[in-house]
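The chain contents come next:
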Amino acid sequence: MTALRPSVIDAPRVALTKRPWSLYLSIGLLAFLAVAAVAPNLLAPYGPTAIDYDSALQPPSFLHLFGTDESGRDLYSRVIHGTSQSLLIGIGAAFVSLVLAVILGALAALSVKPVAILVDRSVEILFAFPALLLALLLIAITGPSAWTQVFAVGLGTAPGYARMVRGQILAAKNSGYVEAATALGHSRGRILHEHILPNALRPLVAVFALSIGQSIVWASGLSFLGLGVAPPSPEWGALLDAGRAYVTQASWLLLFPGLVIVALALSATSIGRHLQFYLEKGRRT
Amino acid sequence: MSLPRSARLVAPLAIVIAASLAACASPAAGSGEGQRIDGGTIVYAPQQEPACVFGGWIEQAYISYNVLDSLVSLDENSQVVPWLAEKWEESDDGLSWTFTLKDGVGFTDGTPVNAEAVAYNFDYWVTGGNSTARVWLFGYYESAEVVDDLTVRINLSAPYPRLADNLTQGYFGIQSKDALETRSDEDNCSAPIGSGAFIVEEWNRGQNLVLVRNENYTSWPANALHEGPAYVEKVDWRFVADATTRVAALQSSEVDAIYDVPAVQWKTLDDGGYELERYVTAGRPQQLSFNTQIGPFTDERVRQAFAYSLDREQIVETIGQGVIPFEGNGGVSQSTPGYSQAAADRYTYDPEKAAELLDEAGWQLNADGVREKDGETLEVVLPYGAGSIVNADGAAILQGVKEQAEQVGFVVDLIPVPQAELFAGAYSTAEERDIAVGYWTAVTSGILYINWRPSTPESPNYSNQAFYDDEELGQLILDANSAADLDTQNELYQQAQEYIADHALAIGVYARLSTLAVAPNLHDVWQEHAQGGPTFYDAYLTE
Amino acid sequence: MTPTSPSSTPRAIALQVLHKLGTALSVLIGAVTVAFFAQTALPGNRATAILNIRAGQAVQRTPEELAQINQQYGLERPLVVQYLDYLVGALRGDFGHSYQQYRPVAEIIGEQLGATVVLALTAIVIAWILMVVWVTLTAGRGPRVGAIGSLVDVTAAALPAYWLGIILLLVFALGLRLFPVIGGTGPAGLVLPALTLAIPLAGFLAQATRTEFERALDQPFVISARMRGQGDLGVRLGHVLRHAILPAITLTGWALGATLSGAVVVESIFSRPGIGQVLVTAVNSQDLPIVVGIVVLISAFYVLANLLVDIAYTIVDPRLKGAAS
């Protein structure tokens, strides 16, 4: 939850190439979750809200892999059925965040001075709000829902990316090949299109992967606080929220959804890092 | 696992236990072993922290009951007994009540509790000092007049024989007139001045509220267990929102008593030797009111079909683990005087009947198992105040309601509404919702008047959640309110409940509980009988 | 956030400080503005909300009831007037009165701030200790140890505070009974909440530090120190660490703001008093003066923290120091 903004600004570069197993594992998990999102019925033995009062609060067993909740609903099936919503919220938030970031970042780096300064200051102001507070403000205005969650997380995380985009564009603008192109008399639009944007935006592919994982963690956090999707929705954060009341009797209700969130966040990070590594290698050669 | 069956066996038992616990709340529980500690601090962990000590919310009434004395108190046999008032009398025409106050009682600011102060409080409540006291007095209260220093007369516009019963609720705590007039709103909010057993010492917002013993206490209610100042020196109200944390804190002796015990923890605490107290709140139970003005529920058959589609008893007993009582009556709960069992039993689980009624009403099943009529699906909006009006157990019960109603072809949009939105008026109009959920604690069936009085343009009744403005029902209730003898009154109130049930205007789901779990070394904490709040005046700790 | 290149003349430095202060102030005014207008966009009628919160009933209200509240809080004034009034007040440290508690917001925040600041600072200190120990022990010790080291970093950084907090509570407070379940403000109640915030933060700082640490190990000054016969641990602590922690220092300025907002979650899990608890309660009950006050305050903290980081950076970074003298 903490590792959001700087991880994309100052993404630590760890040597990754020698240990691809973590990459394979991550891709495997994501593939599984992709199936769960698209065709949950292939993987889930029960419906997401199928109540069975006769088997309430049962611990994990072969019949109920992750145990059951207070209404006898199968937790494993609920986690599987909750995948699509959790992933969609995460991907949507990452998308909103990046679109906002590119627009704001580009405006700050490329537009004429008063506009640039204004945008720059605005980003700075937004950045001064911890992301959770921005999200809370937005939720207070619109009320909690999946859409609010997407925009709240997207808006909350955008300023950090915007600063990064601005930095990338400025770096590209001041680089040798742009100077060369300018000297050659290429038009502003052509330079922007052919040189600045491709170079500035390429790292965003990796950032997008990284931020999906983080967005899911954030969005689930909002649901957990009761400010997002609410129970009985099987969205993962909502599952955690619902399980809280039974933590001493049925700790599995908290354990499994949490593990899935952490595993997904790790996978997204791992894939993002590898992408980042390959993209940079590609740029150097 | 055969939980439902065992739960069914437990249910009647639970009611018996409830009754015996109710009895326990009186002196019987006090046979503590061990030496009584003189003084000491009780740490009590309730769930919600109100904004002010005194106000129209039940959480406020619970605190202010320990700080402010009322005119009268309700004993465990639901009899009104003296508190600040020594005696009272209703005039023959029922239009005025004369209360005679105890002599020599003073507020903790040194001013006397006299007729002038009491009269001032009545006017204070109806002009905004307490919104809940206001709706109770609405339509009946005319004026409060000082007869002499210790005699105050309350004038009514119509007879209301249960006035004294209603005045036992915490919303009617008497405050110092001087304090109300001269101190700031802030001071009166955080530390109101009453004549009660405890005084607000400090309030660390977000953490705890400390009450300290009133050493000069002279005005205990007639149903108290002892005389003189309270035994304990301080009561530390420590606000802990999370139920699991409250239970764990009790188990690790960080607190001495907790409020709102989750059903799932009930047995654990019982086995652990904790004293459990359960008060089935009288008044409106947790019920579903149907929107009779707009939408599918304007058709009585559709309302009845919804009621028949639910096995409310099974849902409540599974989720409630035999602790939460099922309540079929949509008007008042089983612990309310004038309760109608017939109204409660009106609808049982009968999906065939539900299907029949829906067919009759023109709602046909489509291929997806959803009912349709003229191209419209049978979709109903059911918002509920999550974490405020409905707790976690209640939310789980509503999820069961949704599941079962959908079996016969309804589509139920179950919408948890956060407190902020709810209080800002979200889902409060007929256009926005089809079903309303909620409870309202009361001492008498007079709550029916608040919930069912027909709206008129001059005097809208926003507490009428079914939007059912019906003269017949309204008149039944009005007659009951003013009926001179108790049997006639109960009979009329019962007719009103049966009317509500017959027309399926509202159906009950479960009775709201006020529960306490108390550590073995704390004795004689009792739940006051008007609303089930904890009373610490008689409580003491042992070694 | 990035250190600006220092100039040599005192006048230039003073100008730079003034510029920074100016930026900080404009950011703060912007924050007040955003927060104020956000609250005006809230759904529903504010006077209705105030009345309902006080009564615990969700119903419509009559015009007479509303008029009284509107008048009391000046809600009927034009928005611009309300805004200017608020802005002027905020600059003087007056954030208005709580709708519910009738008290000045500044006072309410003041009461709760201490506990949260203690929590945030403790968490940062613990995070640094965990991070320094872990990185010093595992960085540059061959591929296998390094792999385990960075796996732990990454995993720790990915743990959401809301989940980690509950697991810690479940194991150490509810299960083993090592810590109180109601945090309170005492030292025993501080351990689990601080750890909940510190563990992900440590993992996160360690990621940044590890890379730098491994890079620094190959630097000439390290080799020369080793040649002078200094022991491995001495070299790591005395020379390498100093170079490796620079990015972590930058991140800490950001972390203070993030930790304060992480406190929202942690305080709710551990029933710990603090502005996080107050904020969640206030958001839930639309007590807007409090919400806005806290939002502005945390932003101010963030701005301040980053000013301090800029200063710390110049002190620690020998290259910058060299350039300045």
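Only a predicted model underlies this, so the values are computations on that prediction, with no experimental measurement involved.

A. Spatial organisation of unusual backbone geometry. Residue and element names in this part refer to chain B. Despite not being glycine, D260 shows a phi value in the positive range, around 55°. Look at D260 and you get buried, because its relative accessible area is 16%. A positive phi angle is found at A504, which is not glycine, with a value near 45°. In this fold, A504 is placed in the loop between α18 (486–502) and β20 (506–510). Since its relative accessible area comes to 0%, A504 is described here as buried.

B. Inspection of the domain arrangement of chain B at higher detail. Residue and element names in this part refer to chain B. Assigned domains within chain B: domain 1 (5–277 + 517–541) and domain 2 (283–511). Put simply, the middle of domain 1 and the middle of domain 2, counted by C-alpha atoms, are 30 Å apart. With both sides pooled, the region where domain 1 packs onto domain 2 buries about 2500 Å², and carbon together with sulfur makes up 58% of that total. Of all residues in domain 1, W136, R162 and A263 bury the most surface against domain 2, accounting for 24% of the area lost on that side. Counting across the interface, domain 1 meets domain 2 through zero salt bridges. Applying the counting criterion to the domain 1 and domain 2 interface returns six residue pairs in polar contact (both at pLDDT 80 or more). If you tally residues by element for the side of domain 1 that touches domain 2, the top one is helix α1 (residues 3–24), at six residues. Counted by class, the side of domain 1 that touches domain 2 contains 21 nonpolar, seven polar and four charged residues.

C. Representation of the pattern of salt bridges. On inspection of all chains with the given rule, the structure shows 24 salt bridges over all chains. A salt bridge links E406 of chain B to K402 of chain B; its shortest N-O distance comes to 3.3 Å. One end of the pair is E406 of chain B and the other is K402 of chain B, both in helix α14 (residues 392–407) and four residues apart, which spans about a single turn. For E406 of chain B, a relative accessible area of 25% translates into the label partly exposed. Its relative accessible area of 17% is what places K402 of chain B among the buried residues. Taken together, the salt bridges that share partners define one network made up of D69, E70, R73 and R78 of chain A.

D. Region of the structure containing a negative patch on the surface. Residue and element names in this part refer to chain B. On the surface, a cluster of negative charge is made up of E86, D103, D148 and D149. Relative to the helices and strands, D148 resides in strand β6 (residues 141–148). Judged by its relative accessible area of 39%, D148 falls in the partly exposed class.

E. Seen up close, the sheet that holds β6 of chain B. Residues and elements named next belong to chain B. The strand order β4-β5-β7-β6 describes an open sheet built from four strands, whose pairing is antiparallel. Each having just a single partner strand, β4 (85–90) and β6 make up the two edges of the open sheet. Here the strands of the sheet are splayed against their neighbours by 20° on average, with no regard to which way each runs. Pairing analysis gives five bridges linking β4 to strand β5 (residues 96–101), with the strands arranged antiparallel. Pairing of E90 across the sheet is with W97, part of β5.

F. Structural view of the state of the cysteines. All names here are of chain B. Summed over all chains, the structure comprises one disulfide over all chains. Between the sulfur of C52 and that of C189 lies a disulfide, 2.2 Å long from S to S. Measuring the twist about the S-S bond at about -95°, one finds the C52-C189 disulfide to be left-handed. Taken together, the positions of C52 in the loop between β1 (41–45) and α2 (58–67) and C189 in helix α7 (residues 185–190) put the pair 137 residues apart, joining distant regions of the chain. Residue classification places C52 among the buried residues on the basis of a relative accessible area of 6%.

G. Quick peek at helix α17 (residues 471–482) of chain B. Residues and elements named next belong to chain B. Here α17 spans 16 Å end to end across twelve residues, near enough to the 16 Å set by a 1.5 Å rise per residue. What α17 keeps buried is the set L473, G474, L476, I477, A480 and N481. One side of α17 holds all its buried residues, which, seen down the axis, span an arc of 160°. Facing away from the buried side of α17 by over 90 degrees, the exposed positions are E471 and E472. Check the buried side of α17 and you find it contacts α16 (447–452) and α18. Between a side-chain oxygen at the N-terminus of α17 and the backbone nitrogen of E472 the separation is 3.1 Å; the capping residue is D470.

Thresholds applied
- Counting restarts for each chain, with residues numbered from 1 along the sequence as it is written.
- Numbering of ligands from 1 and lettering of chains from A proceed in the order in which they are written.
- In view of the model being predicted, local features appear only for residues whose pLDDT reaches at least 70, and side-chain atom pairs are presented and counted only at 80 or more, with totals across whole chains, interfaces and linings using the full set of residues.
- Only hydrogens and water are removed before side-chain values are computed, so all heavy atoms of the structure are retained for them.
- When accessible area is computed with a 1.4 Å probe and restricted to protein chains, residues below 20% of their type maximum are described as buried, those above 50% as exposed, and intermediate ones as partly exposed.
- In this text, helices come from DSSP runs of H or I with a minimum length of four residues, and strands from runs of E with a minimum of two, each type numbered from the N-terminal end.
- Marked domain ranges trace back to an automatic or database domain assignment.
- What gets called buried area is simply the loss in accessible area from a 1.4 Å probe that two parts show on being joined, summed for both.
- The salt bridge definition used is simple: a Lys or Arg side-chain nitrogen within 4 Å of an Asp or Glu carboxyl oxygen.
- Residues adjacent in sequence count toward polar contacts only when both atoms are side-chain atoms; beyond that, a polar contact is any pair of N or O atoms within 3.5 Å, and within protein one must be able to donate a hydrogen and the other to accept it.
- Three classes are used, and their members are as follows: Ala, Val, Leu, Ile, Met, Phe, Trp, Tyr, Cys and Pro are nonpolar, Asp, Glu, Lys and Arg are charged, and the others, Gly among them, are polar.
- Patch membership needs two things, relative accessible area over 30% and no salt bridge, and members are linked within 9 Å if like-charged or within 5 Å if nonpolar (Val, Leu, Ile, Met, Phe, Trp, Tyr).
- Using the Shrake-Rupley algorithm and a 1.4 Å probe, accessible areas are obtained, with residue cover drawn only from the displayed protein chains.
- In this tally, Asp and Glu contribute negative charge and Lys and Arg positive charge; neither His nor the terminal groups of the chain are included.
- Charge coordinates come from a single atom per side chain, which is NZ of Lys, CZ of Arg, CG of Asp or CD of Glu.
- Note on pairing: DSSP must find at least two bridges between two strands before they are called paired.
- Here an axis means a line fitted to C-alpha atoms, over the contact stretch when the element is a helix, while the angle between two N-to-C directions is reported on a 0 to 180 degree scale.
- Note that a disulfide, as used here, is simply two cysteine sulfur atoms within 2.5 Å.
- Given the number of residues in a helix, its expected span is that number minus one, multiplied by 1.5 Å.
- Think of it as the arc spanned by the lines of direction from the helix axis to the C-beta atoms.
- Contacts are assigned to residue pairs that have any heavy atoms within 4.5 Å of one another.

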